[in-house]
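As a plain string of letters, each chain reads:
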Amino acid sequence: MARFVVSVAHKGDSDLLSNLPDIALVGPSNAGKSSLINALAKSRIALISNKPGKTRTLNFYDFNTHYVVDTPGYGYSHASKTDKSSLMKILDNYFLGPRSIVGVFQVVSSHGLSANDLEVSEYLSGHFHNYMLIVNKIDKISKNQLKKLLGSISASTGIGSDSIIPISAKMGLNLSLLNLKIREFLK
Ligand SMILES: Nc1nc2c(ncn2[C@@H]2O[C@H](COP(=O)(O)OP(=O)(O)O)[C@@H](O)[C@H]2O)c(=O)[nH]1
Ligand SMILES: [Mg+2]
């Protein structure tokens, strides 16, 4: 069973981690990263909050074969400037640091991509070939809206449709496809 391991705010904290590979979740606050971790774990190991901008640290969840890493939500508009830059520092240190990051999933909600999402997508797709975009909360839109949304995301990001995974963490939609991708990244 998956379990929460450690919240990493400073470099030294990561000494507690083993050298299992990381699957990283990146996304704006409120996209449903914590909900997705709970859905993958099939238990409530991650904190879900209605208040955006809660996660200020890297949270490592041990899934036995790998860690799933919850990163601080970017683009939280009410955060102060110093808060924002300290968040970016945490992300930078992580992405450029010693961890073996075998897969990166950017999680966005079914509202479509913000300018911030696009910027992050460009950065991540340029740095990681095992990068995919997860569109969460598809339970909130119709099949037709989803089809249009996927088309427009593909057009604006240049990400192929086979690298975009529509899911609902809440309803458990399409999680088996996501699990399959995670397995492929771990190979
Ligand atoms: N309708 C719907 N709501 C969701 C879904 N996933 C998450 N949420 C809700 O979105 C809010 C933010 O979720 P959370 O997992 O804390 O997002 P995080 O900030 O990215 O970790 C919560 O109120 C969740 O219940 C989903 O698939 N569908
Ligand atoms: Mg969260």
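Above this text you will find the structure in question.
For every chain, the first residue of its written sequence is number 1, and the numbers climb from 1 along that sequence. Labels are handed out in written order, letters beginning with A for the chains and numbers beginning with 1 for the ligands. Given that this is a predicted model, residues contribute local features only at a pLDDT of at least 70 and side-chain atom pairs are listed and counted only at 80 or more, while totals for whole chains, interfaces and linings are drawn from all residues.

1. Here we look at the overall build of the protein chain
Item 1. Put simply, DSSP marks the helices as runs of H or I at least four residues long and the strands as runs of E at least two long, and each gets a number from the N terminus on. Summing up its helical and strand segments, the protein chain has five helices and seven strands in all.
Item 2. Tracing the protein chain from N to C terminus, the helices and strands come up as β-β-α-β-β-α-β-α-β-α-β-α.
Item 3. Throughout, a residue-residue contact means that the two C-beta atoms, derived from backbone geometry, are no farther apart than 7 Å. Residue pairs in contact within the protein chain that sit at least 24 positions apart in sequence constitute 70% of those at least 6 positions apart.

2. Concerning the nonpolar core
Item 1. Buried Ala, Val, Leu, Ile, Met, Phe, Trp, Tyr and Cys residues form a nonpolar core when they are connected through C-beta atoms within 7 Å. Counting other C-beta atoms within 10 Å of each residue's C-beta, where C-beta atoms are placed from the backbone, gives the exposure class: buried for 20 or more, exposed for 12 or fewer, partly exposed between. Core analysis: the biggest nonpolar cluster contains 39 residues, and Leu25, Val68, Val69 and Ile134 have the highest contact counts within it.
Item 2. Counting residues per element, the ones that place at least two in this core are strand S2 (22-26), helix H1 (33-41), strand S3 (58-62), strand S4 (67-70), helix H2 (81-96), strand S5 (101-109), strand S6 (131-136) and helix H5 (175-186).
Item 3. Per-element accounting of this core gives the leading share, five residues, to S6.
Item 4. Apart from the residues within four sequence positions on either side, Val68 is in contact with Ile23, Leu25, Ile37, Leu40, Tyr61 and Phe63.

3. Describing H1
Item 1. The element H1 is extensively covered by neighbouring structure, given that seven of its nine residues are classed as buried.
Item 2. Along H1, the positions that sit buried rather than exposed are Lys33, Ser34, Leu36, Ile37, Asn38, Ala39 and Leu40.
Item 3. Of the surrounding elements, those touching the buried residues of H1 are S2, S3, S4, S5, S6 and H5.
Item 4. With its phi angle positive at about 55°, Lys42 sits one or two positions after the end of H1.

4. Considerations on the site of ligand 1
Item 1. Only the C-beta atom matters for this test: placed from the backbone, it must lie within 6 Å of a molecule or strand for the residue to be near it. Around ligand 1 lies a shell of 19 residues, among which Gly32, Lys33, Ser34, Ser35 and Lys170 are the nearest.
Item 2. No other element matches H1, which puts three residues into the shell around ligand 1.
Item 3. As a working rule, the residues Ala, Val, Leu, Ile, Met, Phe, Trp, Tyr, Cys and Pro are called nonpolar, Asp, Glu, Lys and Arg charged, and the rest polar, with Gly in that last group. The residue inventory of the shell around ligand 1, partitioned by class, reads three nonpolar, eleven polar and five charged.

5. Overview of the pairing of S3
Item 1. With respect to burial, S3 is a largely interior element, four of its five residues being buried.
Item 2. Strand pairing follows a simple DSSP-based rule, namely that at least 2 bridges must link the two strands. Where strand S1 (residues 3-8) meets S3, five bridges bridge the pair, whose relative direction is antiparallel. Note on S3: the bridge partner recorded for Val8 is Leu58.
Item 3. Here S3 runs beside S4; their pairing, made up of four bridges, is antiparallel. Within S4, the residue paired with Phe60 across the bridge is Val69.
Item 4. Linkage of S3 to S4, two consecutive antiparallel strands, is achieved through a turn of four residues, within which Asn64 is found at a positive phi near 75°.

6. Overview of the sheet that holds strand S7 (residues 164-166)
Item 1. Spatially, seven strands are ordered S1-S3-S4-S2-S5-S6-S7 in an open sheet, and the strand pairing comes out mixed. Of all strands in the sheet, those bounded by a partner on one side alone are S1 and S7. Pairwise comparison of adjacent strand axes, ignoring direction, gives a mean angle of 25° for this sheet.
Item 2. Sheet topology note: the S2/S4 ladder contains four bridges and is parallel. In the sheet register, Asp22 faces S4, and the bridge partner there is Tyr67.
Item 3. For helices, the fitted line uses only the C-alpha atoms of the stretch in contact; every axis is such a line through C-alpha atoms, and the angle between N-to-C directions lies from 0 to 180 degrees. Contacts between H1 and the sheet are confined to S2, S3, S4, S5 and S6, with S4 contributing the most and set at about 160° to the helix.

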